[in-house]
Amino acid sequence: MAISNSSCGNIMAVFVAATIVVCVQSQLIMETPYNAIVSKDGTGNFNTIVGAILAAPDHSVKPFFIKIKKGMYQEYIRVDKKKTNIVLIGDGMDTTIITGNRSFIDGNKTYDTATVGVLGDGFTAQDLTFRNNAGPIKHQAVALRVEADLASFYRCRFDGYQDTLYVKRQHQFYRDCEIYGTIDFICGDAAALFQNCLIVARVPLAKQYNTITAQKREFEDVPTGIVLQNCTINATRDNVTTYLGRPWGIFSRTVIMESYIGNLIDPRGWVEWIESANKSVSRRPYYLEYKNRGPGAVTKGRVTWASVTSDPDIASKFTVRNFINGDQWIPANIPYYLDLS
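Per chain, the residues get numbers from 1 upward, laid out in the order the sequence is written. pLDDT decides what is reported in this predicted model: residues at 70 or higher carry local features, side-chain atom pairs at 80 or more are listed and counted, and totals for whole chains, interfaces and linings draw on all residues regardless. To obtain the side-chain values, all non-hydrogen atoms of the structure were included, while hydrogens and water were left out.

**Q** I keep staring at the environment of phenylalanine 65 and nothing clicks. Help me out?
**A** Relative to the elements of secondary structure, phenylalanine 65 occurs in strand β4 (residues 64-68). Looking at phenylalanine 65, the relative accessible area reads 2%, which means it is buried. Put simply, phenylalanine 65 and asparagine 85 are 20 residues apart on the chain and 8.7 Å apart in space, counted from C-alpha to C-alpha. Secondary structure follows DSSP: runs of H or I at least 4 residues long count as helices, runs of E at least 2 residues long count as strands, and numbering of each begins at the N terminus. Whether a residue is buried, partly exposed or exposed follows from its accessible area with a 1.4 Å probe, protein chains only, as a fraction of its type maximum: under 20%, in between, or over 50%, in that order.

**Q** Is there a simple way to think about the state of the cysteines in this case?
**A** We call a pair of cysteine sulfur atoms a disulfide whenever their separation is within 2.5 Å. Applying the stated criterion across every chain, the model contains zero disulfides. Its sulfur unpaired, cysteine 156 is 5.1 Å from the next cysteine sulfur, which belongs to cysteine 177. Looking at cysteine 177, the relative accessible area reads 1%, which means it is buried.

**Q** Honestly, the pattern of salt bridges in this entry has me stumped. Any pointers?
**A** Side-chain pairs of opposite charge can arise where the charged atoms are in close proximity. Note on definitions: salt bridges are taken to be side-chain nitrogens of Lys or Arg within 4 Å of carboxyl oxygens of Asp or Glu. This model, assessed by the stated rule, comprises 18 salt bridges. A salt bridge links arginine 131 to aspartate 159; the nearest nitrogen and oxygen atoms lie 3.0 Å apart. Note that arginine 131 is positioned in strand β11 (residues 129-132) and aspartate 159 in strand β14 (residues 157-159), a separation of 28 residues in sequence. The exposure class assigned to aspartate 159 is buried, which follows from its relative accessible area of 9%. When the shortest N-O distance is used, the salt bridge between arginine 246 and aspartate 184 registers 2.8 Å. Of this pair, arginine 246 sits in the loop between β24 (242-245) and β25 (253-257) while aspartate 184 sits in strand β18 (residues 183-188), and the two are 62 residues apart along the sequence.

**Q** When you look at the nonpolar core in this model, what are you seeing that I'm missing?
**A** Side chains of nonpolar character tend, in soluble globular proteins, to be buried together. In this description, a nonpolar core means a group of buried Ala, Val, Leu, Ile, Met, Phe, Trp, Tyr and Cys residues linked to one another through side-chain atoms lying within 4.5 Å. Ile66, Phe130, Phe153, Phe158, Tyr174 and Phe194 are the most contacted members of the largest nonpolar core, which has 58 residues in total. Whether two residues touch is decided by their heavy atoms; if any such pair falls within 4.5 Å, the residues are in contact. Ignoring any residue separated from it by four or fewer positions in sequence, one finds tyrosine 174 in contact with Val146, Phe153, Phe158, Leu165, Val167, Ala192, Leu193, Phe194, Gln195 and Cys197. Within the second largest apolar cluster, 18 residues are counted, among which are Leu288, Val320, Trp329 and Ile330.

**Q** I would appreciate a short explanation of the sheet that holds strand β16 (residues 171-175) in the present structure.
**A** Paired through their backbone hydrogen bonds, the strands of a sheet run either parallel or antiparallel. For two strands to count as paired, DSSP must find a minimum of two bridges between them. Taken together, 11 strands build an open sheet; the order of strands is β3-β4-β7-β10-β13-β16-β19-β22-β25-β27-β28 and the sheet is parallel. Unpaired on one side and paired on the other, β3 (36-38) and β28 (307-309) mark the two borders of the sheet. Between one strand and the next, the sheet's axes are offset by a mean angle of 15 degrees, whatever the strand orientation. As paired strands, strand β10 (residues 124-126) and strand β13 (residues 151-154) are joined by three bridges and run parallel to one another. Opposite alanine 125, over in β13, you have phenylalanine 153 as the bridge partner. All axes here are fitted lines through C-alpha atoms, helices being fitted over the stretch that makes contact, and every angle between N-to-C directions spans 0 to 180 degrees.

**Q** What's the story with the packing of aromatic side chains in this structure? I'm lost.
**A** Each aromatic ring pair is summarised here by two numbers: the centre-to-centre distance and the angle between the ring planes. Within 6.5 Å between ring centres, the rings of Phe, Tyr and Trp (the latter by its six-membered ring) count as paired, and their orientation is classed by plane angle as stacked under 30 degrees, edge-to-face over 60, tilted in between. Using the criterion set out here, one finds 15 aromatic pairs in the structure. Between phenylalanine 130 and phenylalanine 153, the ring centres sit 6.2 Å apart and the planes meet at 80 degrees, which makes this aromatic pair edge-to-face. A residue pair is termed long-range when its members are at least 10 positions apart, and phenylalanine 130 in strand β11 and phenylalanine 153 in strand β13 qualify at 23 residues. No difference in accessibility class separates phenylalanine 130 from phenylalanine 153, as the two residues are buried. Between phenylalanine 318 and phenylalanine 323, the ring centres sit 5.7 Å apart and the planes meet at 55 degrees, which makes this aromatic pair tilted. For the residue pair phenylalanine 318 and phenylalanine 323, the accessibility class agrees, reading buried in each case. Three or more aromatic residues link up through ring pairs in this structure, and these residues are Phe123, Phe130, Phe153, Phe158, Tyr174 and Phe194. Ring-over charges, as used throughout, are those where CZ of Arg or NZ of Lys falls within 6 Å of the ring centre and within 35 degrees of the ring normal. The ring of tyrosine 73 has lysine 40 lying over it, and the distance from NZ or CZ to the ring centre is 5.1 Å.

**Q** Help me understand unusual backbone geometry, please; the structure alone is not making it clear to me.
**A** Backbone geometry follows two general trends: most residues other than glycine have a negative phi, and most peptide bonds adopt the trans configuration. Phi is positive for aspartate 176, which is not a glycine, with a value near 55 degrees. With respect to the helices and strands, aspartate 176 occurs in the loop between β16 and β17 (178-181). Judged by relative accessible area, which is 26%, aspartate 176 ranks as partly exposed. Not every positive phi belongs to a glycine, and lysine 291 is a case in point at roughly 50 degrees. Lysine 291 gets classed as exposed once you look at its relative accessible area, which sits at 54%.

**Q** Help me understand the pairing of β16, please; the structure alone is not making it clear to me.
**A** The side chains of a regular strand alternate between both faces of the sheet. Counting buried positions over the five residues of β16 gives four, a clear majority of the element. Two elements, β13 and β16, share four bridges in a ladder whose sense is parallel. Pairing of phenylalanine 153 across the sheet is with tyrosine 174, part of β16. In the sheet, β16 pairs with strand β19 (residues 191-195) via five bridges, with the strands oriented parallel. Residue pairing in the sheet places glutamine 172 in a bridge with alanine 192 of β19.

Shown next as structure tokens:
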């Protein structure tokens with residue numbers, strides 16, 4: 001899908017079919033020549049998402065468009081490394097839902113709890129929900145795990161509690177998405193940038209506190225990190241202690257900039273990683289806040305090992321242009337801004 005971000009541009013014909021493009025308030029409404037259609041009511045040519053993905057060509061250099069009609073799909077999906085350039089398009093995050101309930105407490109490794117795991121590069125998802133409904137009592141329970149390079153998500157919801165969204169590695173972009181969880185619910189060691197997303201902390205178990213991010217960079221020269229730009233950070237209930245993040249990796253890096261932060265955030269902002277009794281690690285996280293707003297953006301009282309800046313030159317290192325080189329690979333139908341907003 002090659003469409004201008006700022007106007008109705010040209011459509012790259014992927015397969016023979018007419019494509020209609022209508023521009024409505026800078027939004028693009030498309031009739032796409034789908035390569036596969038998944039439905040629960042028998043109107044598609046597949047009744048499972050797994051089946052449609054398996055039918056896609058291996059090592060494709062072209063997008064393979066899979067339309068997923070409204071419905072609740074109880075499937076565990078693995079997009080193998082050889083399944084490149086898969087595009088999943090739902091009917092909306094409220095109506096197309098992929099759900100599972102695997103959890104750590106039920107005997108799975110965190111990696112294996114994912115309802116959907118993506119390894120194939122060039123993956124794109126739009127207008128659907130990834131869910132793990134194991135609940136807070138089951139501890140780690142991943143809705144989506146991404147280790148594909150150049151992966152993008154537009155108008156998607158990631159619904160869970162602990163470890164909801166596992167951005168494990170590679171370059172990833174999230175626009176106009178919603179992420180719900182409790183502990184470390186955006187975690188991993190990708191170069192992952194979230195733009196214009198809604199991030200909602202849920203109520204954890206008794207005596208627990210929430211941590212929105214847990215970034216896992218282990219080496220200082222690795223160009224990874226979690227960046228939240230122009231996002232909205234809120235909670236389902238105001239009286240739950242919540243922190244912006246904690247350092248899973250030795251050189252954990254998280255940047256929150258130009259975002260609205262509600263009153264859920266503890267004044268310290270960030271919290272230490274709790275080490276096991278027989279293991280002590282010296283952690284040196286890079287945590288940065290830039291021009292945020294809202295009651296939780298007051299930085300008086302922040303921990304001494306996190307930073308606050310008003311310098312746009314510093315913040316610019318973490319934009320779509322400079323941090324993930326997004327202008328070279330983000331699908332053109334997904335809106336984004338290259339620089340500071």
